[in-house]
Amino acid sequence: MSMESEEEELKQKKLEELQQKLAQQQEQQEKQFEKEAQIQSILKRLLEENARERLNNVRIVNHELYMKAVQAIMTIVQKGYVKGKLNEEQVKEILGQLKSNHEIKITRK
């Protein structure tokens, strides 16, 4: 009987570990949703509707570029380079500058 009780204890420990992992993942996911909601709220104040839609499309395709663009937009606004909301053309320009910085060009001789 002691073998069976040891097996039950091991199963119980494993179950508890899995439950803890699940709880941690859910908490992390909630924090991520909150962070994204804050970003969207800020972007709503800083960008025109069509510019925000473009940036959301970028988020779907390339999350890293999206985050860099959000940081750049916040920096531009904080430094006072722009009065009012950014339009789609300005967001395109920001995205183009960020994207061109990461392209690798190989030339053959």
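Remember, predicted model here, so these are calculated numbers, not experimental data.

Student: Go over the nonpolar core, please, and point to the residues and values.
Tutor: Ranked by internal contacts, the top residues of the largest apolar core, which has 18 residues, are Leu47, Leu55, Ile73 and Val91. Secondary structure elements with two or more residues in this core: α1 (2-46), α2 (49-61), α3 (63-78) and α4 (88-100).

Student: Account for the side chain of Glu36, with residues named and values stated.
Tutor: Among the secondary structure elements, Glu36 is positioned in helix α1. The class for Glu36 is buried, based on a relative accessible area of 18%. Aside from chain neighbours lying at most four places away, what touches Glu36 is Arg59, His63 and Tyr66.

Student: Run through the pattern of salt bridges, naming residues and quoting values.
Tutor: Side chains carrying opposite charge are able to pair once their charged atoms draw close together. One pass over the full model with this rule turns up six salt bridges. Linking Glu27 and Lys31 is a salt bridge whose minimum nitrogen-to-oxygen distance equals 3.6 Å. Separated by four residues within a single helix, Glu27 and Lys31 lie in helix α1, roughly one turn from each other. A salt bridge links Glu64 to Lys68; its shortest N-O distance comes to 3.3 Å. Of this pair, Glu64 and Lys68 both sit in helix α3, four residues apart, which is roughly one turn of the helix. A residue is classified by how much of its surface remains accessible, and Glu64, at 54% relative accessible area, is exposed.

The rules behind the values
Residues numbered from 1 in each chain as written. Predicted model: local features only at pLDDT ≥ 70, side-chain atom pairs only at ≥ 80, totals over all residues. Heavy atoms only, no water. Core = buried A, V, L, I, M, F, W, Y, C linked by side-chain atoms within 4.5 Å. Buried < 20%, exposed > 50% of the residue type's maximum accessible area, 1.4 Å probe, protein only. Helix = DSSP H or I, 4+ residues; strand = E, 2+ residues; numbered from the N terminus. Contact = heavy atoms within 4.5 Å. Salt bridge = Lys/Arg side-chain N within 4 Å of Asp/Glu carboxyl O.

By themselves, these are just geometric observations and shouldn't be taken as functional.
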